[in-house]
Amino acid sequence: MDTLEALRSRRAVKHYDASHVMSEAEQRELLELALLSPTAFNLQHWRFVVVEEPALRREIRTLAWDQAQVTDASLLVVLCADLASWQKQAARVWADAPQAARDFLVPAIDAYYRDAPQVQRDEAMRSCGIAAQSLMLAARGMGYDSCPMDGFDFDKVAELINLPSDHCISLMLAIGKAAIPAQPRIGKLPFDEVVIRNRF
Ligand SMILES: Cc1cc2nc3c(=O)[nH]c(=O)nc-3n(C[C@H](O)[C@H](O)[C@H](O)COP(=O)(O)O)c2cc1C
């Protein structure tokens, strides 16, 4: 499937074939493709929690308005982010850059994020949002469907997955074989209302 077709055919699918198993190799390929997504300063804020244990899936489902995709999808990923990536990873991810680039970037990253919790969080959310779209499109390319989700109790899911205190949850993604296709698309806002030329 080409990229345009993946974009056109991606829908938020709610009902999955619970008997389908995604192989380890497919899971790995999907997640590795997501890791190719861009992040500001290459900080790779994301952490992908793959929820494998059926009992944990069931617990999360009770915290997610009993949405069936949580237990029935082949893969359930909680997309989390390390809010302190700017501090922990800057030197590491730029270690192989030319010295001049490293000497400029590492202090610049510090200056950009230090004492700026809103920027740290915004950046984490951007990274996870882009990674989520990569996962959804890669899933289409591999013959899977997906559903992005924020309909769950973030604090309680955080507790269940032992989320570190300097991390946040961005969203969840269910990925699997559709059992019931999505309804036809509805309610798209008009192109000319959402595309603004030059200025509002
Ligand atoms: C951040 C985010 C959170 C969402 N949360 C849920 C959810 O909890 N449950 C659900 O069934 N769909 C959820 N959706 C799917 C949207 O309802 C869906 O994307 C939207 O209605 C447009 O439909 P489409 O994706 O099929 O084009 C979510 C989508 C996004 C991007």
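Calculation rules
- Residues numbered from 1 in each chain as written.
- Predicted model: local features only at pLDDT ≥ 70, side-chain atom pairs only at ≥ 80, totals over all residues.
- Heavy atoms only, no water.
- Helix = DSSP H or I, 4+ residues; strand = E, 2+ residues; numbered from the N terminus.
- Buried < 20%, exposed > 50% of the residue type's maximum accessible area, 1.4 Å probe, protein only.
- Contact = heavy atoms within 4.5 Å.
- Areas by Shrake-Rupley, 256 points an atom, 1.4 Å probe, with all protein chains shown as cover.
- Lys, Arg positive; Asp, Glu negative; His and termini not counted.
- Charge placed at Lys NZ, Arg CZ, Asp CG, Glu CD.
- Salt bridge = Lys/Arg side-chain N within 4 Å of Asp/Glu carboxyl O.
- Near = heavy atom within 4 Å.
- Polar contact = N/O pair within 3.5 Å; in protein donor to acceptor, adjacent residues only side chain to side chain.
- Nonpolar A, V, L, I, M, F, W, Y, C, P; charged D, E, K, R; others polar.
- Phe/Tyr/Trp six-rings, centres within 6.5 Å; stacked < 30°, edge-to-face > 60°.
- Lys NZ or Arg CZ within 6 Å of the ring centre and 35° of its normal.
- Arc of directions from axis to C-beta.

Peer 1: Explain the overall build of the protein to me, using residue names and the numbers behind them.
Peer 2: Helix and strand content of the protein: ten helices and six strands. Here the C-alpha coordinates of the protein stretch approximately 55 × 45 × 30 Å along the principal axes. The proportion of buried residues among the 200 residues of the protein is 40%. Put simply, 79% of the contacts in the protein that link residues at least 6 apart link residues at least 24 apart. Working note: accessible area of the protein is about 11600 Å², and carbon and sulfur atoms make up 54% of it. Across the protein, the mean location of the 22 positive side-chain charges is 5 Å away from that of the 27 negative side-chain charges.

Peer 1: Before we move on, can you summarise the pattern of salt bridges with the specific residues and values?
Peer 2: Summed over the entire model, instances satisfying the criterion amount to eight salt bridges. Residue lysine 88 pairs with aspartate 82 through a salt bridge whose shortest N-O separation is 2.8 Å. A salt bridge links aspartate 145 to arginine 140; the nearest nitrogen and oxygen atoms lie 3.4 Å apart. Taking relative accessible area as the criterion, aspartate 145 reaches 14% and is therefore assigned buried.

Peer 1: Explain the site of the ligand residue by residue, including any values.
Peer 2: The immediate surroundings of the ligand are formed by Arg10, Arg11, Ala12, Lys14, Gln67, Gln69, Cys147, Pro148, Met149, Asp150, Gly151 and Arg185. In the environment of the ligand, an oxygen atom lies 3.4 Å from a nitrogen or oxygen atom belonging to the side chain of glutamine 69. The fraction of the free accessible surface of the ligand (620 Å²) that becomes covered by protein chains is 63%. Residue contributions to the shell around the ligand peak at three residues, all from strand β4 (residues 145-149). Considering only residue class, the shell around the ligand consists of four nonpolar, three polar and five charged.

Peer 1: Tell me what's going on with the packing of aromatic side chains, and back it up with residues and numbers.
Peer 2: All told, the structure shown has six aromatic pairs when counted by the stated rule. Considering the side-chain rings of phenylalanine 41 and tyrosine 113, the 6.0 Å spacing of their centres and the 70 degrees angle between planes classify their relative orientation as edge-to-face. Within this pair, whereas phenylalanine 41 is found in the loop between α2 (24-34) and β2 (46-50), its partner tyrosine 113 is found in helix α7 (residues 99-113), the two being separated by 72 residues in sequence. Judged by its relative accessible area of 25%, phenylalanine 41 falls in the partly exposed class. Judged by its relative accessible area of 1%, tyrosine 113 falls in the buried class. Through a chain of ring-to-ring contacts, the aromatic side chains of Phe41, Trp86, Tyr112 and Tyr113 assemble into a single cluster. When the ring centre of tyrosine 144 is taken as origin, the NZ or CZ atom of lysine 177, which lies over that ring, is 4.6 Å away.

Peer 1: Summarise α2; cite the residues concerned and give the values.
Peer 2: Listed in full, the buried residues belonging to α2 are Gln27, Leu30, Leu31 and Ala34. Projected onto a plane normal to the axis of α2, the buried residues spread over an arc of 90 degrees and lie on a single side. Exposed residues pointing more than 90 degrees away from the buried face of α2 are listed as Ala25 and Arg28. Where α2 is buried, its residues meet β2, β3 (75-82), α8 (117-141) and β5 (167-176).

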